[in-house]
Amino acid sequence: MNPEPTEDPGAHGRPVGRRVFLGTLGLGALGVATAPALQRGLEGILGAVAGSDPTGLSGLLPNGGGFRYYSVAASVPHRGPADYRLTVDGLVDRPHTYTLDDLRGMPQNRLVRDVQCVTGWRVPGTPFQGVRLSRLLDAAGVRSSARAVRFTCFDGTYSESLTLDQARRPDVLVALRMQDKDIGHDHGGPVRLYVAPMYFYKSAKWLSGITVTDRVRPGYWENLGYDVDAWVGRSNGRTDEPTS
């Protein structure tokens, strides 16, 4: 899963891994069940605490009004225009490696959708902009034996996957912008995946590899029990309102 903060707790303390976060699920359930007025008050308190929290742990508490940032890797290298690369390979006729400028020069699509975390919080009306994944797949020439797409990240740890049909949806982006600004490092930049109709763990941060495969290969959290098909409100035992 790939949440991150609107107020960038990473600036106040190092990211905290998902394993620690799972220990706060009881608090998350409390936040989801709380009446709206009380929840808004809780969000205000947590926002104030996060601003002076040197540990970053306050970012793990429930807060429906903002993103939560954490990483499954101990550290993540920074990439920019000079050294960022996105490779498209696997069962394709024309493998290709894109620079950041290459991706910026391609036709861009903008989506505004709610972002839903599988642990309960939601950020409404979040703009994402980037290149449709289907455009990169078409440019690569997907072979007839292909059935799925695997995504890898330059944190060296995270991975995700989609079926080929899911990957070709118009609401799946290789995103370069989020909230109408370039995606920063803590938000998974300079390039991340955005899968609008699925829980946010499908939207892999720090995207560096797109590999077309003959079958779905479960991603990082799916190997630990999360659903491979992560439709919002129709997976992981949750009944959230769809995001698109």
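Residues numbered from 1 in each chain as written. Predicted model: local features only at pLDDT ≥ 70, side-chain atom pairs only at ≥ 80, totals over all residues. Heavy atoms only, no water.

Undergrad: Sorry if this is basic, but what is going on with the overall build of the protein chain here?
TA: Looking only at helices and strands, the protein chain has six helices and ten strands in total. For the protein chain, the share of sequence-separated contacts (at least 6 apart) that also reach a separation of at least 24 residues comes to 70%. Roughly 10,500 Å² of accessible area belongs to the protein chain as shown, and the carbon and sulfur atoms make up 52% of that amount. (Helix = DSSP H or I, 4+ residues; strand = E, 2+ residues; numbered from the N terminus. Contact = heavy atoms within 4.5 Å. Areas by Shrake-Rupley, 256 points an atom, 1.4 Å probe, with all protein chains shown as cover.)

Undergrad: Got a minute to help me understand the environment of S134 in this structure?
TA: Counting through the fold element by element, S134 comes out in helix 5 (residues 133–140). Under the relative-accessibility criterion, S134 is labelled buried at 14%. Through-space distance from the C-alpha of S134 to that of R169 is 7.1 Å; in sequence the pair is 35 residues apart. Excluding residues that lie within four positions of it along the chain, S134 makes contacts with A167 and R168. (Buried < 20%, exposed > 50% of the residue type's maximum accessible area, 1.4 Å probe, protein only.)

Undergrad: How should I be thinking about unusual backbone geometry in this particular structure?
TA: One can expect most non-glycine residues to show negative phi and most peptide bonds to be in trans. Cis peptide bonds are those with omega within 30 degrees of zero, and the linkage from G189 to P190 qualifies with 15°. The topology assignment puts P190 in the loop between strand 8 (181–182) and strand 9 (192–195). A positive phi angle, near 55°, is found at W206, a position not held by glycine. For W206, a relative accessible area of 2% gives the class buried. A positive phi is found at N236, a non-glycine position, where the angle reads about 55°. Here N236 falls in the partly exposed class, since its relative accessible area comes to 21%.

Undergrad: Explain the packing of aromatic side chains here, please?
TA: Describing an aromatic ring pair means giving the distance of the ring centres and the angle of the ring planes. Applying the stated criterion across every chain, the model contains seven aromatic pairs. Both rings, one in F128 and one in Y194, keep their centres 3.8 Å apart while their planes meet at 10°; by these two values the pair is stacked. With F128 in strand 4 (residues 122–132) and Y194 in strand 9, the pair connects residues that are 66 residues apart, well separated along the chain. Taken as a pair, F128 and Y194 share a single burial class, namely buried. Ring geometry for Y158 against Y220: centres 5.8 Å apart, planes inclined by 25°, an arrangement best described as stacked. Here Y158, found in the loop between strand 5 (148–153) and strand 6 (159–163), pairs with Y220, found in the segment after strand 10 (207–213); they are 62 residues apart in sequence, far enough to count as distant. What links up through ring pairs into an aromatic cluster is the set Y158, Y201, Y220, W221 and Y226. Between the NZ or CZ atom of R79 and the centre of the ring of F154, over which it lies, the distance is 5.3 Å. (Phe/Tyr/Trp six-rings, centres within 6.5 Å; stacked < 30°, edge-to-face > 60°. Lys NZ or Arg CZ within 6 Å of the ring centre and 35° of its normal.)

Undergrad: Whenever I open this one, the side chain of R192 confuses me. Can you help?
TA: Examined against the element boundaries, R192 turns out to sit in strand 9. Relative accessible area serves as the criterion here: at 0%, R192 is assigned to the buried category.

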